[in-house]
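Listed here are the chains, written in short residue letters.
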Amino acid sequence: MTATRVDADVIRRLPKAVLHDHLDGGLRPATVVELAAAVGHALPTTDPDELAAWYFEAANSGDLVRYIATFEHTLAVMQTREGLLRTAEEYVLDLAADGVVYGEVRYAPELMLNGGLTLAEVVETVQEGLGAGMAKAAAAGTPVRVGTLLCGMRMFDSTRETADLAVAFRDAGVVGFDIAGAEDGFPPADHLDAFEHLRRESVPFTIHAGEAHGLPSVHQALQVCGAQRIGHGVRITDDIVDGKLGRLAGWVRDRRVALEMCPTSNLQTGAATSIAEHPITELKDLGFRVTLNTDNRLVSGTTMTREMSLLVEQAGWTTEDLRTVTVNAVKSAFIPFGERRALIEDVVLPGYEAALCSSPRT
Ligand SMILES: [Zn+2]
């Protein structure tokens, strides 16, 4: 394989892996409209195209808190068994259509209790929907494996309960844990009890850090809480001057800590200024274990194909770069080593060869 630039159609066919994607941020606009009508929830508009545009517009404020506020309308339709089954199944089918072969989906069960479901019922229902989606995707010849991360909310004091839930469902599709929500003012160390419990139970976790807040947040997530991966982590560049790494950036690179980077989302929340200058390119070139992610496909109006295409078009990425971040993601997935190795050797690498051999190179 030579260093090539690739067109969008080839990119769509490449096998992909996504580690950072929120279930409640990736619904189909038409599904939100239909489910909202069924439960009597008022939306800004009932036209699916206008709703998609509204999300992108509302999320484009340059402010993480306002970005998060747009989730009100997706969460409103995810409170019933019917809503959860449908959104989880469609989630998997949409990943498969995007060429994703491995995905980790995350959501906060405690935000889905308004319809009377218990925490355990929420997790069981989402797993049932994901399972139905995986069966359909496999039957259609586009198999995708999806693992679940349960999110605690950093502004609530219920993270230990969610950590317990992750431990309870570890053999039923849950592969790890995360904390999400507004970063500023809610340091991860406030949830040490949850993280220490997960470490004792050997359940891996990632933490949103270095998105709205800087290095202290990343430091706390890694060195106080013990996260194995970092959600976003764009501000790690504060610890890199003229290519020279400080202690924390050095730790992240040396220990192969995966950075779950989400370029379009970062533009929307003001964590980055452009695709061309997004830190993902510098960090990749410096040898960090960078991964590429969508964060919220509906809210950010994106897909993995789109994120890859943007980096190819605006930041000079090659096929090798796309393969590198894909292999990085599978290497740092929270599933067992043997499954990761099989995905890389049997799916990702042959998939790259096949997609590139069947297309004229530019
Ligand atoms: Zn996120």
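Owing to the predicted nature of the structure, the values given are computational and were not obtained by experimental measurement.

Draft legend 1. The arrangement of the sheet that holds strand β6 (residues 229-232) in detail. Spatial ordering of the open sheet is given by β5-β6-β9-β10, a layout of four strands whose pairing is parallel. The open sheet is flanked by β5 (206-209) and β10 (290-292), the only strands paired with a single partner. Neighbouring strand axes in the sheet, compared pairwise and without regard to direction, differ in orientation by 30° on average. Strand direction decides the pairing type here: strand β9 (residues 258-261) and β10, joined by three bridges, are parallel.

Draft legend 2. Local environment of the nonpolar core. One finds L198, I207, I230 and I236 to be the most contacted residues of the largest nonpolar core, which totals 106 residues. Discounting chain neighbours no more than four positions away, the residues touching I236 are L215, V218, L248, A249, V252, L259 and L283.

Draft legend 3. Looking closely at the UniProt feature "site: Important for catalytic activity" (unreviewed entry) in the chain. UniProt records the feature "site: Important for catalytic activity" (unreviewed entry) at H232, using the numbering of this structure. Secondary-structure assignment places H232 in strand β6. A relative accessible area of 0% places H232 in the buried class. Ignoring anything within four residues of it in the chain, the contact list for H232 reads H20, H208, A209, E211, L259, E260, M261, C262, S265, N266 and D295.

Draft legend 4. Examining the coordination of the zinc ion more closely. Coordination sphere of the zinc ion, protein contribution only: H20 (NE2), H22 (NE2), H208 (NE2) and D295 (OD), at 2.1 to 2.4 Å. Around the zinc ion, the four donor atoms sit at angles spanning 85 to 169°, and that spread fits a shape best called irregular. Between the donor residues of the zinc ion, the gaps in sequence give the motif H-x1-H-x185-H-x86-D. Of this pair, H22 sits in strand β1 (residues 16-22) while D295 sits in the loop between β10 and α14 (304-315), placing them 273 residues apart in sequence. Across this residue pair, the class does not change: H22 and D295 are buried.

Draft legend 5. Layout of the pattern of salt bridges. Counted under the stated rule, the structure contains 20 salt bridges. Across the salt bridge formed by E260 and R229, the nearest N and O atoms sit 2.8 Å from each other. Placement of E260 in strand β9 and of R229 in strand β6 is noted, with a sequence separation of 31 residues between them. In terms of burial, E260 and R229 fall into one category: buried.

Draft legend 6. Spatial organisation of the side chain of D21. One can find D21 in strand β1. Only 2.8 Å separates the side chain of D21 from the side chain of T294, close enough to count as a polar contact. Those residues in contact with D21 that lie beyond four places of it in its chain are Y91, L95, E104, V105, R106, T294, D295, N296 and R297.

Draft legend 7. Expanded view of unusual backbone geometry. With a phi angle near 80°, H232 is a residue other than glycine that sits in the positive phi range. Here the phi dihedral of R256 falls at roughly 60°; this positive angle occurs in a residue that is not glycine. Relative to the assigned elements, R256 resides in the loop between α11 (247-254) and β9. Classification of R256 by relative accessible area gives partly exposed; the value is 33%.

Draft legend 8. How the structure looks around the sheet that holds strand β4 (residues 174-180). Pairing is parallel across the open sheet formed by four strands, whose spatial order is β1-β2-β3-β4. This sheet does not close on itself; its edge strands, each paired only once, are β1 and β4. Adjacent strand axes in the sheet meet at a mean angle of 25° when their direction is disregarded. Bridging between strand β3 (residues 145-153) and β4 involves six bridges; their strand directions are parallel. Opposite C151, over in β4, you have D178 as the bridge partner. In the packing of helix α6 (residues 81-97) onto the sheet, the strands contacted are β1, β2 (100-107) and β3, and the crossing angle to β2 comes to about 145°. In the packing of helix α7 (residues 119-139) onto the sheet, the strands contacted are β2, β3 and β4, and the crossing angle to β3 comes to about 155°.

Conventions and cut-offs
- In every chain, residue numbers begin from 1 and rise along the written sequence.
- Per-residue local features of the predicted model are confined to residues with pLDDT of at least 70, and side-chain atom pairs are confined, for both listing and counting, to 80 or more; whole-chain, interface and lining totals are unaffected and use all residues.
- Hydrogen atoms and water are omitted, and side-chain values are computed over all heavy atoms in the structure.
- Two strands are said to pair when DSSP picks up at least two bridges between them.
- To qualify as a helix, a DSSP run of H or I must reach at least 4 residues; to qualify as a strand, a run of E must reach at least 2; elements of each kind are numbered from the N terminus.
- Axis definition: a line fit to C-alpha positions, over the contact stretch in the case of helices; interaxial angles, taken between N-to-C directions, run 0 to 180 degrees.
- Take the buried Ala, Val, Leu, Ile, Met, Phe, Trp, Tyr and Cys residues and link them wherever side-chain atoms come within 4.5 Å; each set so joined is a nonpolar core.
- Three labels apply to residues, based on accessible area from a 1.4 Å probe with only protein chains included: buried if under 20% of the type maximum, exposed if over 50%, partly exposed otherwise in between.
- Any two residues whose heavy atoms approach within 4.5 Å at even a single point are treated as in contact.
- UniProt positions are given in the numbering used here, feature names are shortened, and annotations may be inferred rather than shown by experiment.
- Counted as coordinating are nitrogen, oxygen and sulfur atoms within 2.8 Å of the metal, or 3.2 Å for Na, K and Ca, while water is not included, which may make sites look incomplete.
- Under the classification used here, a metal with four donors is tetrahedral if each angle lies between 85 and 135 degrees, square planar if opposite donors are over 155 degrees apart and the others between 65 and 115, a six-donor metal meeting that same test is octahedral, and anything else is irregular.
- Here, a salt bridge means any Lys or Arg side-chain nitrogen found within 4 Å of an Asp or Glu carboxyl oxygen.
- Polar contact is defined as a pair of N or O atoms within 3.5 Å, subject to the rule that within protein one atom must be able to donate a hydrogen and the other to accept it, and that residues adjacent in sequence are counted only when both atoms are side-chain atoms.

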